[in-house]
Amino acid sequence: HDQANALYSDGRLADVYELLNQNPSTKKDAQLLFRLAQTTHKMSLTAPQPERRRVLNDEALLIVMKAAEEAGKVSDNKSDRADILALYGTVIQHRAHRKQEGERKQLMALAQEHMVAALREDAVNFHGNSALADLHYEMAQERTELGRKSLVGIAIWDRTNNNKLC
């Protein structure tokens, strides 16, 4: 735990990834699985090739699913479960970026459900609150862009001085 956390804090994602993948106890430890999923997710965000990003995102999703399964076996770890659910939602949110409109909306809703579930576990959980804020920000940006596009197509006039607002 400590070595993985220290490497993660230093930004040495590849080292954390390698360390946790080689550690046999990672498979049954929800905290180690969370750190591995978090590391894999961060690596997916920084990978230069789109195919590598997709593969790492898929891998992060599988790992966080396993982390959720292991965390569900223990009853006194609300904070850990909240972290895992928030990360689960974040990974799904990033998966939605490569999908078409209908499936994208479904994945965004699923991501939001996981983030809200994280906050039900622990209302002051940093990861849950941060993930939900990021999701809402992204959704607001999409709506703003949609609104802007619809306004650009029609002439919007300010009646007080007959000047176009757009």
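To be clear, the structure that these remarks concern was listed above.
All of these numbers come straight from a predicted model, not from anything done at the bench. (Residues numbered from 1 in each chain as written. Predicted model: local features only at pLDDT ≥ 70, side-chain atom pairs only at ≥ 80, totals over all residues. Heavy atoms only, no water.)

(A) Representation of the nonpolar core in the model. In this structure, Val64 and Ile84 are the most contacted members of the largest nonpolar core, which totals 42 residues. Of all the secondary structure elements, the ones that give two or more residues to this core are helix 1 (2-9), helix 2 (13-22), helix 3 (30-46), helix 4 (50-71), helix 5 (78-96), helix 6 (101-121) and helix 7 (126-152). Beyond its immediate chain neighbours, meaning those up to four positions away, Ile84 contacts Ala30, Phe34, Val64, Ala67, Ala68 and Ala71. (Core = buried A, V, L, I, M, F, W, Y, C linked by side-chain atoms within 4.5 Å. Buried < 20%, exposed > 50% of the residue type's maximum accessible area, 1.4 Å probe, protein only. Helix = DSSP H or I, 4+ residues; strand = E, 2+ residues; numbered from the N terminus. Contact = heavy atoms within 4.5 Å.)

(B) Structural context of the packing of helix 1 against helix 3. The interhelical angle for the contact between helix 1 and helix 3, taken along N-to-C directions, is 20°, at an axis separation of 11 Å. The angle between helix 1 and helix 3 falls in the class roughly parallel. In this structure, the crossing between helix 1 and helix 3 has a hand that is left-handed. Packed against helix 1, whose contacting residues are Ala4, Asn5 and Tyr8, the element helix 3 presents Arg35, Gln38, Thr39 and Lys42 at the interface. Here the residues of the contact of helix 1 with helix 3 sort into two nonpolar, three polar and two charged. (Axes fitted to C-alpha atoms, helices over the stretch in contact; angles between N-to-C directions. Parallel < 35°, antiparallel > 145°, perpendicular 65-115°, else oblique. Left-handed = near helix turned anticlockwise from the far one by under 90°. Nonpolar A, V, L, I, M, F, W, Y, C, P; charged D, E, K, R; others polar.)

(C) Examining the layout of surface pockets more closely. Quantified by volume, the largest pocket comes out at close to 340 Å³. Lys42, Thr90, His127, Ser130 and Asp134 are the residues nearest the centre of the largest pocket, which is lined by 16 residues in total. Elements that contribute at least two residues to the lining of the largest pocket include exactly helix 3, helix 5 and helix 7. The biggest single contributor to the lining of the largest pocket is helix 5, with six residues. (1 Å grid on protein atoms, 1.4 Å probe; cavity = no way out; pocket = protein on both sides within 12 Å on 5 of 7 lines; lining within 4 Å. Points joined across faces, edges and corners; volume = space filled by probe spheres on them.)

(D) Region of the structure containing the pattern of salt bridges. Under the definition given, this model contains 13 salt bridges. The salt bridge partner of Asp58 is Arg98, with a shortest N-O separation of 2.5 Å. With Asp58 in helix 4 and Arg98 in the loop between helix 5 and helix 6, the pair connects residues that are 40 residues apart, well separated along the chain. The exposure class assigned to Arg98 is partly exposed, which follows from its relative accessible area of 31%. Here the salt bridges share partners, and the residues they tie into one network are Glu51, Arg54, Asp58, Arg95 and Arg98. (Salt bridge = Lys/Arg side-chain N within 4 Å of Asp/Glu carboxyl O.)

(E) Quick peek at helix 5. In this model helix 5 runs 27 Å from its N-terminal to its C-terminal C-alpha over 19 residues, within 8% of the 27 Å that 1.5 Å per residue would give. The element helix 5 is largely enclosed, with a buried count of 14 among its 19 residues. (Expected span 1.5 Å × (residues − 1).)

(F) Molecular detail of the side chain of Arg104. By secondary structure assignment, the location of Arg104 is in helix 6. According to the relative accessible area criterion, Arg104 is buried, its value standing at 14%. Leave out the neighbours within four places in its chain, and Arg104 touches Ala96, His97, Lys99, Glu138 and Glu142.

It is worth stressing that arrangement in space is one thing and function is another; only the former is reported here.
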